[in-house]
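One letter stands for each residue in the lines below.
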Amino acid sequence: MFYFENIYIEKEIYNHPRTREIVDKFPEAKNIFVDRYMDVFGRARQDGRWQRRHPSLLLAKATGQLIYRGAPVCHNFGSEHFYYASSMKNCLYDCEYCYLKGMYSCGYVVIFVNLEDILEEAHELDQTLSRENSYRGMYLSVSFDTDLMAFDSMTGYARLWAEFAAEHPKVTVEIRTKGAPPITALQQEGRENLPPNLVMAYTISPQPMIDQFEHHTASLKARLTSAGNALKAGATVRLCFDPMIYQQNWKECYARMLDQVKEALPFSQIRDASVGTFRISADYLKRMRQVEPDSAAVQFPFETRKGYAGYPKELEQCMSGFLEKELLEAGLAPEKIYRLSD
Ligand code: SF4
């Protein structure tokens, strides 16, 4: 169970029903009122490492633009209209290699309690795009800057996004996770089936990597069980074999993992898979290395190319190439495999 030492609450949303629900779940936490969450989250000279060992939560109202266009470097999975929504910042899971440790100097997690405003803006955007004759649909990633499922017992946001997908058939809603959500967390009352335009994107890692680097996340077995149940309930499932992390016995680990995936899931029903090795902006890596001084995943002697740190080219190609070949042999069509490293 997660805990928080302090909950910082923006005064404006103190009476929001979701604020009350979340605060009531942590009666031990000290409540501190602030004008804007950025007064805490955006402070200069923060010690992210210390903050992760002394977790605090910030409850805030998302303001300004709430749906963003995906940056050109983001993979758009074939969609011309690729957007993302951020309803949280940082994560309750604790992957050593998490890019958020490089992106934010603050280690506290933020939840924006006004999800309905974000849903409304996504609705408006779908309406606006629908006026274009060429509109085929929009791809909306909603587990961005966080893992939405890690918070779900506190927020219930996953079901609200599933409901949004059901009501907006042209919007493909992607929830990416290292969790193993029970399907009931996504089902609407009285409806067992999940909408096919809800994409549950599971990050798939070998169990030894999960044990070593992906703290508090679900086991491989649990992720695969959840993916199988999502398929049975009618959702679309994507498998994300990224980031692949180097270890001396990486080939053995990934081969064993693929055996487990093949045993657990019907490959013919998988929408697609992404494959890529660990790669991050060189600037983010500097900060991550301060937060994770003992992590083999982060302290690897990476090479920097075009501002991005990653494994040496040959190793990168060897690792991605191995996984791709195995996926093809397992029956996944080549056009269903997205290679993320360059
Ligand atoms: S699950 Fe994703 S967002 Fe959460 S800590 Fe791991 S890498 Fe970061």
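Anyway, here's the lowdown on the structure attached to this text. (Residues numbered from 1 in each chain as written. Predicted model: local features only at pLDDT ≥ 70, side-chain atom pairs only at ≥ 80, totals over all residues. Heavy atoms only, no water.)

**Considerations on unusual backbone geometry**
Here is step 1: Between Asp-242 and the following residue, Pro-243, the backbone shows a cis peptide bond with an omega angle of 5°.
Here is step 2: Inspection of the secondary structure assignment puts Pro-243 in strand E13 (residues 236-244).
Here is step 3: Positive phi is not limited to glycine here, since His-216 has a value of about 70°.
Here is step 4: With respect to the helices, strands and loops of the structure, His-216 is situated in the loop between strand E12 (214-215) and helix H9 (220-232).
Here is step 5: The phi dihedral of Lys-306 is positive, around 50°, even though this residue is not glycine.
Here is step 6: Tracing the backbone shows Lys-306 in the loop between strand E16 (303-305) and strand E17 (308-310).
Here is step 7: Note on Lys-306: relative accessible area 78%, which makes it exposed. (Helix = DSSP H or I, 4+ residues; strand = E, 2+ residues; numbered from the N terminus. Buried < 20%, exposed > 50% of the residue type's maximum accessible area, 1.4 Å probe, protein only.)

**A word on the sheet that holds strand E1 (residues 6-10)**
Here is step 1: The strand order across the open sheet built from five strands is E2-E1-E3-E8-E6, with neighbouring strands paired in mixed fashion. With one partner strand each, in any of the chains shown, strand E2 (30-34) and strand E6 (88-89) form the two edges of the open sheet.
Here is step 2: Relative to strand E8 (residues 109-112), strand E3 (residues 56-60) runs parallel, the two being bridged by four bridges. By the bridge assignment, Leu-59 is partnered in E8 with Ile-111. (Pairing = 2+ DSSP bridges.)

**Regarding the packing of helix H10 (residues 250-264) against helix H13 (residues 313-329)**
Here is step 1: At a closest axis distance of 11 Å, the pairing of H10 and H13 adopts a crossing angle of 20°. Between H10 and H13, the interaxial angle falls into the category roughly parallel. Both H10 and H13 take part in a crossing whose hand is right-handed. When H10 is examined against H13, the residues Trp-250, Lys-251, Tyr-254, Ala-255, Met-257 and Leu-258 are found in contact with a partner set consisting of Leu-315, Cys-318, Met-319, Phe-322, Leu-323, Glu-326 and Leu-327.
Here is step 2: Residues belonging to the contact of H10 with H13 are distributed by class as follows: eleven nonpolar, no polar and two charged. (Axes fitted to C-alpha atoms, helices over the stretch in contact; angles between N-to-C directions. Parallel < 35°, antiparallel > 145°, perpendicular 65-115°, else oblique. Left-handed = near helix turned anticlockwise from the far one by under 90°. Contact = heavy atoms within 4.5 Å. Nonpolar A, V, L, I, M, F, W, Y, C, P; charged D, E, K, R; others polar.)

**Some details on the environment of Tyr-99**
Here is step 1: Looking at the secondary structure, you find Tyr-99 in the loop between strand E7 (94-95) and helix H4 (100-103).
Here is step 2: A C-alpha to C-alpha distance of 8.7 Å links Tyr-99 and Ser-281, two positions 182 residues apart in sequence.
Here is step 3: Setting aside chain neighbours within four positions, we find Tyr-99 in contact with Asp-145, Ile-280, Tyr-284 and Met-288.
Here is step 4: A polar contact of 3.3 Å, which involves the side chain of Tyr-99, links it to the side chain of Asp-145. (Polar contact = N/O pair within 3.5 Å; in protein donor to acceptor, adjacent residues only side chain to side chain.)

**Considering the packing of aromatic side chains**
Here is step 1: Taken as a whole, this structure holds 18 aromatic pairs when the rule is applied.
Here is step 2: A centroid spacing of 4.9 Å and a plane angle of 70° characterise the contact between Phe-4 and Phe-26, whose relative ring orientation is edge-to-face. One end of the pair, Phe-4, is in the segment before E1; the other, Phe-26, is in the loop between helix H1 (17-24) and E2, with 22 residues separating them in the sequence.
Here is step 3: Phe-26 gets classed as buried once you look at its relative accessible area, which sits at 6%.
Here is step 4: Aromatic side chains Phe-300 and Phe-302 sit 5.2 Å apart centroid to centroid with 45° between the ring planes, which places their arrangement in the tilted category. (Phe/Tyr/Trp six-rings, centres within 6.5 Å; stacked < 30°, edge-to-face > 60°.)

**A closer look at the site of the ligand**
Here is step 1: Taken together, Cys-91, Tyr-93, Cys-95, Cys-98, Leu-100, Thr-146, Asp-147 and Lys-178 make up all the residues around the ligand.
Here is step 2: Taken together, the residues that form the shell around the ligand break down as five nonpolar, one polar and two charged. (Near = heavy atom within 4 Å.)

**Some thoughts on the pairing of E3**
Here is step 1: Where burial is concerned, most of E3 is hidden: five out of the five residues are buried.
Here is step 2: Side-chain alternation along E3 places Ser-56, Leu-58 and Ala-60 on one buried face and Leu-57 and Leu-59 on a second face that is also buried.
Here is step 3: By the bridge criterion, four bridges tie E1 to E3 in an arrangement that is parallel. The residue of E3 that forms the bridge with Ile-9 is Leu-59.

**What about H13?**
Here is step 1: Over its 17 residues, H13 runs 24 Å from end to end, which matches the ideal 24 Å to within 8%, given 1.5 Å per residue.
Here is step 2: Within H13, burial applies to Leu-315, Glu-316, Met-319, Ser-320, Phe-322, Leu-323, Glu-324, Glu-326 and Leu-327.
Here is step 3: For H13, the secondary structure elements touched by its buried residues are E13, H10, strand E14 (272-277), E16 and strand E18 (337-339).
Here is step 4: Downstream of H13 by one or two residues, Gly-331 has phi in the positive range, about 110°. (Expected span 1.5 Å × (residues − 1).)

**A closer look at the pairing of strand E5 (residues 81-85)**
Here is step 1: For E5, the buried fraction is high: five of the five residues fall into the buried class.
Here is step 2: The alternating pattern of E5 places His-81, Tyr-83 and Ala-85 and Phe-82 and Tyr-84 on opposite faces, both of which are buried.
Here is step 3: Sheet topology places strand E4 (residues 67-69) next to E5; three bridges connect them, and they run antiparallel. Looking at the pairing, Ile-67 lines up with Ala-85 of E5.
Here is step 4: When E5 meets strand E9 (residues 138-141), the two strands line up parallel, connected through four bridges. Pairing of Tyr-83 across the sheet is with Leu-140, part of E9.

**Remarks on the sheet that holds E17**
Here is step 1: Spatially, the three strands line up as an open sheet ordered E15-E17-E16, and their pairing is antiparallel. This sheet does not close on itself; its edge strands, each paired only once, are strand E15 (279-281) and E16. The average angle at which neighbouring strand axes cross in this sheet is 30°, direction not considered.
Here is step 2: As paired strands, E16 and E17 are joined by three bridges and run antiparallel to one another. In the sheet register, Thr-304 faces E17, and the bridge partner there is Ala-309.

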